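Chain by chain, the residues run as shown.
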Amino acid sequence: MATSAVPAQAATTSVSGSLSCPSGQVVWVSLTTEYSAPATFYSGTAHRYSDGGGHNHAFNYGTRTVNWRVESGGNILTVSDWCGPNAMRAQ
């Protein structure tokens, strides 16, 4: 499973990146926020998913390659993207 970590800076409310996965795997992005705040996941400029809030957030993009962006109303502490199975997809 390929993994890359994207460090978030203090007072960060938006982080972006891109990832390409091998055949049979899809892009996942997760983040941790300082406060229990909603997170919104984008593919390019297209809105893909918004959650109801919390400290830990994750989204399965369901595709092998994506230019992703996440935004949160709270300070983003960490963001990770990785390649994994196309399971438990939120939508």
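We now turn to the structure provided with this report. (Residues numbered from 1 in each chain as written. Predicted model: local features only at pLDDT ≥ 70, side-chain atom pairs only at ≥ 80, totals over all residues. Heavy atoms only, no water.)

## Things to note about the environment of T65
Spelled out, the test is: Comment: elements are numbered from the N terminus, with helices defined as DSSP H or I runs of at least four residues and strands as E runs of at least two. Here a polar contact means two N or O atoms within 3.5 Å. Within protein one must be a hydrogen donor candidate and the other an acceptor candidate, and residues neighboring in sequence count only if both atoms are side-chain atoms.
In this structure, T65 sits in strand β7 (residues 65-72). Considered as a pair, T65 and Q25 are 40 residues apart in the sequence and their alpha carbons are 9.7 Å apart. Within the local environment of T65, its side chain forms a polar contact with the side chain of S20, the two groups lying 3.3 Å apart.

## With respect to the packing of aromatic side chains
Just so we agree on the cut-off: Between 30 and 60 degrees the pair is tilted, below 30 it is stacked and above 60 it is edge-to-face, where a pair is any two Phe, Tyr or Trp rings, Trp via its six-membered ring, whose centres lie within 6.5 Å. Placement of a positive charge over a ring is assigned whenever Lys NZ or Arg CZ falls within 6 Å of the ring centre and within 35 degrees of the normal to the ring plane.
Inspection of every chain in the model, using the stated rule, returns five aromatic pairs. Aromatic pair F59 and Y61: ring centres 4.7 Å apart, planes at 80 degrees, arrangement edge-to-face. Put simply, the rings of F41, Y49, F59 and Y61 touch in pairs and so form one group of aromatic residues. The ring of Y42 is capped by R69, whose NZ or CZ atom sits 4.0 Å from the centre of that ring.

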